[in-house]
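Working through the structure, step by step
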Amino acid sequence: NVAISIPNFTDSREIRAQKWSEVKKEPERTAFLKEKGLLVNPLCETRSFIVNGEETECLVQMPFSQLPFKVFDGKDGSSTWDNGPLDFIESPKGILKNLELVAQDIRTLVKSGILLNHDSLSFGIDGQEVRLYLFDLDGMKIDDSYDKKELANLYAGTIVGKLDNLFSFNKSCALEQNGYDYEQKCKVAEELANLALKPEEGI
């Protein structure tokens, strides 16, 4: 089984072609991130199918349900409603300890000058380890001149803002009661960015 993304048929042909020209870059961008050691969909390519009687180029990927790791994305909040992969954390202090591989992924993105949109960042649980899962790479850019500290802070803030995807509703409430408020989240984001920018890593 594969997951197939097709151009929408509500836009005009010109608008559809314009949008699809960006989607067609997904396989190349996915391969680039994979070469950097980042977590992406292992299958990402374009194929032609007959859609509504018309030969149409489509994007083919492996469905989330068949990936060798579990994806936790904000578009599917029900996946962590009852049981989140980080529900074992008892206090805000334990959060950063479980994001060491995420910090390494941020380091890779920053070191390579990779700019990704907010929607491209999600989480993959590989065994017991939390990593970034990168997909839907619309608008991805490479800019080596981008300030690395600024980029690390941007990624860290976005990622901490999405951490609720890794906690059940009850655990999120419990963490808030234990002091995991906006100020604490900003502190975790700052520490995550600092962890990604350790001087000994050569960034």
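Residues numbered from 1 in each chain as written. Predicted model: local features only at pLDDT ≥ 70, side-chain atom pairs only at ≥ 80, totals over all residues. Heavy atoms only, no water.

**So, the packing of aromatic side chains**
- The full count for this structure, using the stated rule, is four aromatic pairs.
- A ring pair is formed by Phe64 and Phe135, whose centres lie 5.5 Å apart and whose planes are at 75°; its orientation type is edge-to-face. With Phe64 in the loop between strand 3 (54-61) and strand 4 (70-72) and Phe135 in the loop between strand 7 (129-134) and strand 8 (141-142), the pair connects residues that are 71 residues apart, well separated along the chain.
- Residue Phe135 is classed as buried on the basis of its relative accessible area, which comes to 14%. (Phe/Tyr/Trp six-rings, centres within 6.5 Å; stacked < 30°, edge-to-face > 60°. Helix = DSSP H or I, 4+ residues; strand = E, 2+ residues; numbered from the N terminus. Buried < 20%, exposed > 50% of the residue type's maximum accessible area, 1.4 Å probe, protein only.)

**A look at the side chain of Arg131**
- Mapped onto the secondary structure, Arg131 falls in strand 7.
- Using a relative accessible area of 16% as the deciding quantity, one classes Arg131 as buried.
- Within the structure, the side chain of Arg131 is placed 2.8 Å from the backbone oxygen of Gly37, a separation counted as a polar contact.
- A polar contact of 2.8 Å, which involves the side chain of Arg131, links it to the side chain of Asp105.
- Leaving out residues up to four positions away in the same chain, Arg131 has contacts with Gly37, Leu38, Leu39, Leu101, Val102, Asp105, Ser122, Phe123 and Gly124. (Polar contact = N/O pair within 3.5 Å; in protein donor to acceptor, adjacent residues only side chain to side chain. Contact = heavy atoms within 4.5 Å.)

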